[in-house]
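# Geometric and topological summary
Listed below are the residues making up each chain.
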Amino acid sequence: METRRILAINPGSTSTKIAVYQGDKSVFLKNIKHTAEELSHFESIPDQFEFRKDIIMQELINAEIQIDLIEVVVGRGGLVKPIESGIYEVNDRLKEDLRISVLGEHASNLGGLIADNIAQSLPKAKAYIADPVVVDEMEDVARISGHPEFQRVSIFHALNQKAIGRAFARSIDKKYDEINVIVAHLGGGISVGAHLKGRIIDVNNALDGEGPFSPERSGTLPAGALAKLCFSGKYTLDEVKKMIKGEGGLVAHIGTNDAYEVEVKAKNGDAKAKLIQDAMSYQVAKSIGAMASVLKGEVDGILLTGGIAHNPDLVNYVKDMVSFIAPVLVYPGEDEMKALAMNGYMVMRGEINPKEYN
Ligand SMILES: Nc1ncnc2c1ncn2[C@@H]1O[C@H](COP(=O)(O)OP(=O)(O)O)[C@@H](O)[C@H]1O
Ligand SMILES: CCCC(=O)OP(=O)(O)O
């Protein structure tokens, strides 16, 4: 029996998820939620390093995990430079880019850094990241915005989007690179990606003011009004950045990053909560429609995933708007922990070679 362990670490904007696998079997899984209030005490994402690492170590101790048997620590990364899909060993260049937030700040930057820190403290472990949020397979035409000063970039839930795309392909006895799907990941951030035969050729920048609004992000805002607000003298750059990421979306409208709380309020007759939830659903459906045209209408399935895909009202709203395009399938939660662990497992067994980050 395989005794070697894999530790998977997934810092998200509203949670820290941990899994331990013994070979290919899950032996421990934990999702620790973080409220907007709790995270507001930290000035920046790097400041959350000790907080998130301590939580992870404490959970492992509480669950009586034999830490010294861990040989692979794989973290969800991170805003490094745009790279192709795959698993990467954490090296000095990668750590430096995560530390300086080369493409911006997001909780997943801590994935590679915490994985490295934990691996260094163990006798035999190595650290990796897999399918980070900057996986870039966009078509050139999709990169062009309406002004040469601005380029569209690929920042999204690459790990889960690909894992769910593959799971759907398996369920219809096809390979991922034989099908076309639209995947909407509905988490702390929301991304909607067009997968053309295994490549995600267009997707919204889920982090920085593009696409549907989400529990803690504004998504696309009217550009003229945003420019005016920036020069109104009422807000600092940091305050405007927080409106876009961290304090936008549900946090701005309702005061919480917990979509479940909004769901309950809407069910109990709170008209504002219902309108805002409907607006979020409407924007997700509209983005799916746009991605259907990217795929020229040849869509095998529309796959809804992420924590908010647990919400039946939101799912039904989206289904009602997009079912005419293709069958809609719902994968509530995410397959990220398994996807991270399986990448680690394949490296541990020598079935794949990790890529080098340059
Ligand atoms: N059972 C549920 N019903 C409705 N919403 C849920 C449920 N579980 C989680 N959510 C919502 O999903 C969001 C978090 O999704 P998740 O994919 O875990 O995000 P992240 O990885 O960005 O932290 C939160 O707003 C949370 O309230
Ligand atoms: C950085 C894009 C991925 C993302 O938004 O992740 P979360 O939903 O976990 O914040």
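About the cut-offs
- Residues numbered from 1 in each chain as written.
- Chains lettered and ligands numbered in written order.
- Predicted model: local features only at pLDDT ≥ 70, side-chain atom pairs only at ≥ 80, totals over all residues.
- Helix = DSSP H or I, 4+ residues; strand = E, 2+ residues; numbered from the N terminus.
- Rg over C-alpha atoms; globule rule 2.2 N^0.38 Å.
- Contact = placed C-beta atoms within 7 Å.
- Near = placed C-beta within 6 Å.
- Nonpolar A, V, L, I, M, F, W, Y, C, P; charged D, E, K, R; others polar.
- Domains from an automatic or database assignment.
- Buried ≥ 20, exposed ≤ 12 C-beta atoms within 10 Å, placed from the backbone.
- Axes fitted to C-alpha atoms, helices over the stretch in contact; angles between N-to-C directions.
- Parallel < 35°, antiparallel > 145°, perpendicular 65-115°, else oblique.
- Left-handed = near helix turned anticlockwise from the far one by under 90°.
- Pairing = 2+ DSSP bridges.
- Core = buried A, V, L, I, M, F, W, Y, C linked by C-beta atoms within 7 Å.

We now examine the overall build of the protein chain. Counting secondary structure elements, the protein chain contains 13 helices and 11 strands. Since a compact globule built from 358 residues should have a radius of gyration of about 21 Å, the 20 Å found for the protein chain is in line with a globular shape. The dimensions of the protein chain, computed from C-alpha atoms along their principal axes, are 55 × 50 × 45 Å. If you take every contact in the protein chain between residues at least 6 apart in sequence, the share linking residues at least 24 apart comes to 69%.

Before going further, it helps to examine the site of ligand 1. Near ligand 1 there are 19 residues, and of these Gly12, Gly187, Gly188, Gly307 and His310 occur at the shortest range. Ranked by residue count, the leading element in the shell around ligand 1 is helix α10 (residues 259-267), at three residues. Of the residues assigned to the shell around ligand 1, the class counts are four nonpolar, 12 polar and three charged. Each of domain 1 (5-136 + 336-348) and domain 2 (158-332) accounts for three or more of the residues forming the shell around ligand 1.

Here we take up the environment of Val135. By secondary structure assignment, the location of Val135 is in the loop between β6 (126-130) and α5 (140-143). For Val135, a count of 24 C-beta atoms within 10 Å translates into the label buried. Residues within four places of Val135 in sequence aside, it is in contact with Ile83, Glu84, Ser85, Ser154 and Ala158.

Let us look at the packing of α10 against helix α11 (residues 271-294). Packing of α10 against α11 leaves a shortest axis separation of 7 Å and a crossing angle of 125 degrees. Between α10 and α11, the crossing angle belongs to the class labelled oblique. Regarding α10 and α11, the two cross each other, and that crossing is left-handed. On the side of α10, the interface is formed by Val262, Glu263, Lys265 and Ala266, while α11 contributes Ala273, Lys274, Ile276 and Gln277. When its residues are assigned to classes, the contact of α10 with α11 shows four nonpolar, one polar and three charged.

This paragraph deals with the site of ligand 2. What surrounds ligand 2 is the set Gly12, Ser13, His106, Val133, Ile155, Phe156, His157, Gly187, Gly188, Gly189, Ala206 and Leu207. Each residue belonging to the shell around ligand 2 can be placed in one class, and the counts come to five nonpolar, seven polar and no charged. A domain split of the shell around ligand 2 shows at least three residues from each of domain 1 (5-136 + 336-348) and domain 2 (158-332).

Pairing is mixed in the open sheet, where five strands are placed in the order β9-β8-β7-β10-β11. The open sheet terminates on both sides in strands that have one partner only, identified here as β9 (199-203) and β11 (328-332). Put simply, the sheet's adjacent strands are angled 25 degrees from each other on average, direction ignored. Two strands pair when backbone bridges link them, and strand β7 (residues 180-186) and strand β8 (residues 190-196) are joined in this way by seven bridges, in the antiparallel orientation. Looking across to β8, one finds that Asn180 is bridged to Leu196. Along the sheet face, α11 touches β7, β8, β9 and β10 (301-306) and points at about 20 degrees away from the line of β8.

Okay, the pairing of β9 next. Consecutive residues of a regular strand have side chains that alternate between opposite faces of the sheet. The sheet contact formed by β8 and β9 spans four bridges and is antiparallel. By the bridge assignment for β9, Gly193 is matched with Val203. The loop that links β8 with its antiparallel partner β9 comprises two residues; one of these, Lys197, has a positive phi angle of about 45 degrees.

On to the nonpolar core. One finds Val73, Val74, Ala115, Tyr128, Ile182 and Ile288 to be the most contacted residues of the largest nonpolar core, which totals 94 residues. For this core, the element with the highest residue contribution is α11, accounting for nine residues. Two domains each provide a minimum of three residues to this core, namely domain 1 (5-136 + 336-348) and domain 2 (158-332). Residues in contact with Val74, not counting those within four places in the same chain, are Ile6, Ala8, Ala115, Tyr128, Ile129, Ala130, Leu340, Ala341, Asn343 and Gly344.

Reports often express the size of an interface as the amount of accessible area lost when the parts come together. Partitioning the protein chain into domains gives domain 1 (5-136 + 336-348) and domain 2 (158-332). Taking only C-alpha atoms into account, the centre of domain 1 sits 24 Å from that of domain 2. For the side of domain 1 that touches domain 2, the class distribution of residues is seven nonpolar, six polar and three charged.

An order of β3-β2-β1-β4-β6-β5 is seen for the six strands of this open sheet, with the pairing classed as mixed. This sheet does not close on itself; its edge strands, each paired only once, are β3 (25-33) and β5 (87-89). Averaged over all neighbouring strand pairs, the angle between strand axes comes to 20 degrees, with direction disregarded. The pairing of strand β1 (residues 5-11) with strand β4 (residues 70-75) spans five bridges and is classified as parallel.

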